[in-house]
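# Report on the structure
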Amino acid sequence: MTFYDELRRYDGFDFASFFASVTDADIARIINKERLSREDFLALLSPRAASHLEAMARRASELTVRHFGKAVLLFTPLYLANHCTNQCVYCGFNTKNALERRKLTLEEVEAEAVEIAKSGLKHILILTGDDRKQTPVSYIAECSKVLKKHFTSIAVEVYALTQDEYAELAAVGVDGMTMFQEVYNEEIYAELHPKGPKRVYRNRLEAPERAAAAGIRQITTGTLLGLNDWRTEAFFTGVHTDYLQHAYPDVEVAISPPRMRPHLGGFPPKVIVSDADMVQYILAFRLFMPRGGVTLSTRENAKLRDNLLGLGVTKMSAGVCTQVGGRASGQEDPGQFEISDERSVAEMAEMLYSRGYQPVFKDWQYL
């Protein structure tokens, strides 16, 4: 049994009727519970719960401080390559888009690492497009070996791997992985991924389980908000994370709730997800999974990221560049998407200190 089988339990579930049945009394009761069920989580994502955000925020803040303290881990992404074989309609790396395709040499990886390390960061997330020929697992492993000289924690956000491939990366020091399902609705997923290996829905859906079984210690899941109804997508993201936590109790789980941003392809969001919607999603998740991490990326603007600090966020990116080799070489080709918060690591640390938070540069050491 995998999460695909778990997801099938919700086939035919009437979300509209469930949301319509939720009352104010239900929300008040759920907020004060010590342990929430999946149905409670879904209720907190309902339109009715939108009028209870203040009470949810107080509870979320209390739970976050209890389990994480007033500390936020800082990290940055490093794009190794933009070669891709997919035609995901919402992505700047779509093979139909006209952009210079390139990948970093190991010497360029070293140069990027040196530049990033100057900021003091010790956690890094490496990314590639989906092209096994141009960026095979062996290449990702060699890059990771270079990066281990500069960083104590390396996570990957790459194409879906086999369990043996995840084990290969774990053996060279990779300890985290992020896998965005993009959208959990299988029919819409097929529409958004018309061509390429990423089109295989179940292979991507089950990748986090293969990573956990291979010894990856930290797993982040999520959907790209704007591709489908955000309430049901947020629910399935939370259920997926809850499933992973129970199936692999030694794994540290987290979500990331990115919203669509402008990119080279120009595909518009199908659904507009407001700031209030984003807040409700994060608060509901925090109450549902008090020990789950929440990562907030630079897709969001600086003001919103600052204001979400006390509501459940535990990890934030800083000093972000979405170009391949954009730091050391000054590469200015279009990145995967436009970032909204362009603050440096030092500026992010200063903001955190000013709000009474501790910026964390290192919380893991691979032996």
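Now for a description of the structure that goes with this document. (Residues numbered from 1 in each chain as written. Predicted model: local features only at pLDDT ≥ 70, side-chain atom pairs only at ≥ 80, totals over all residues. Heavy atoms only, no water.)

## So, the pattern of salt bridges
Per the counting criterion, the structure on display carries 29 salt bridges. Measuring nitrogen to oxygen at the nearest pair gives 3.9 Å for the salt bridge that ties Arg66 to Glu34. Taken together, the residues Arg66 in helix H5 (residues 53-68) and Glu34 in the loop between helix H3 (24-31) and helix H4 (38-44) connect sequence positions 32 residues apart. Taking the relative accessible area as the measure of exposure, Glu34 reaches 58% and is therefore exposed. For Arg59, the salt bridge goes to Glu62, with nearest N and O atoms at 2.9 Å. (Salt bridge = Lys/Arg side-chain N within 4 Å of Asp/Glu carboxyl O. Helix = DSSP H or I, 4+ residues; strand = E, 2+ residues; numbered from the N terminus. Buried < 20%, exposed > 50% of the residue type's maximum accessible area, 1.4 Å probe, protein only.)

## Brief notes about the packing of helix H7 (residues 137-147) against helix H8 (residues 163-171)
Orientation of H7 relative to H8, taken along the N-to-C sense of each, is 20 degrees, at an axis distance of 9 Å. Here H7 is positioned roughly parallel relative to H8, judged by the angle of their axes. Here H7 and H8 pass one another in a crossing that is right-handed. Packed against H7, whose contacting residues are Val137, Ser138, Ile140 and Ala141, the element H8 presents Glu165, Glu168 and Leu169 at the interface. Looking at the contact of H7 with H8 residue by residue, the classes come out as 4 nonpolar, 1 polar and 2 charged. (Axes fitted to C-alpha atoms, helices over the stretch in contact; angles between N-to-C directions. Parallel < 35°, antiparallel > 145°, perpendicular 65-115°, else oblique. Left-handed = near helix turned anticlockwise from the far one by under 90°. Contact = heavy atoms within 4.5 Å. Nonpolar A, V, L, I, M, F, W, Y, C, P; charged D, E, K, R; others polar.)

## Side note on the nonpolar core
Core analysis: the biggest nonpolar cluster contains 119 residues, and Leu44, Leu147, Met177, Phe235 and Leu308 have the highest contact counts within it. Residues contacting Met177, with those up to four places away along its chain left out, are Ala155, Val156, Tyr166, Ala207, Pro208, Ala211, Ile216, Gln218, Ile219 and Thr220. (Core = buried A, V, L, I, M, F, W, Y, C linked by side-chain atoms within 4.5 Å.)

## Notes on the packing of helix H6 (residues 106-117) against H7
Direction vectors running N to C along H6 and H7 enclose 40 degrees, while the axes themselves pass 9 Å from each other. In terms of orientation, H6 and H7 fall into the oblique class. Relative to H7, H6 is oriented so that their crossing is right-handed. Of H7, the residues touching H6 (which contributes Leu106, Val109, Glu110 and Ala113) are Glu142, Cys143, Val146 and Leu147. Per-class residue counts for the contact of H6 with H7 are 6 nonpolar, no polar and 2 charged.

## Examining the pairing of strand S6 (residues 252-255)
Across 4 bridges, the pairing between strand S5 (residues 218-223) and S6 is parallel. Paired with Gln218 across the two strands is Glu252, which belongs to S6. Crossover S5 to S6 through helix H12 (residues 230-247) is right-handed. By the bridge criterion, 2 bridges tie S6 to strand S7 (residues 293-296) in an arrangement that is parallel. Bridging from a neighbouring strand, Ile255 pairs with Val294 of S7. (Pairing = 2+ DSSP bridges. Right-handed = clockwise from strand over helix to strand, strands pointing away.)

## Some remarks on the packing of aromatic side chains
Between two aromatic rings, the relevant description is the distance of the centres plus the angle of the planes. A full pass over the atoms with the stated rule returns 18 aromatic pairs. On the numbers, 6.4 Å between centres and 80 degrees between planes, the contact of Phe3 with Tyr184 is edge-to-face. Taken together, the positions of Phe3 in helix H1 (residues 3-8) and Tyr184 in the loop between strand S4 (174-182) and helix H9 (186-192) put the pair 181 residues apart, joining distant regions of the chain. Neither residue differs from the other here; Phe3 and Tyr184 are each classed as buried. (Phe/Tyr/Trp six-rings, centres within 6.5 Å; stacked < 30°, edge-to-face > 60°.)

## Side note on the pairing of strand S1 (residues 71-79)
Most of S1 is tucked away, with 8 of its 9 residues classed as buried. Bridging between S1 and strand S9 (residues 358-360) involves 3 bridges; their strand directions are parallel. Looking at S9, one finds that Val72 is bridged to Pro359. The pairing of S1 with strand S8 (residues 315-317) spans 3 bridges and is parallel.

## Concerning the environment of Gly215
Tracing the sequence through the fold places Gly215 in the loop between helix H11 (207-213) and S5. Residue Gly215 is classed as exposed on the basis of its relative accessible area, which comes to 51%. Between the C-alpha atoms of Gly215 and Tyr166, which are 49 residues apart in sequence, the distance is 7.9 Å.

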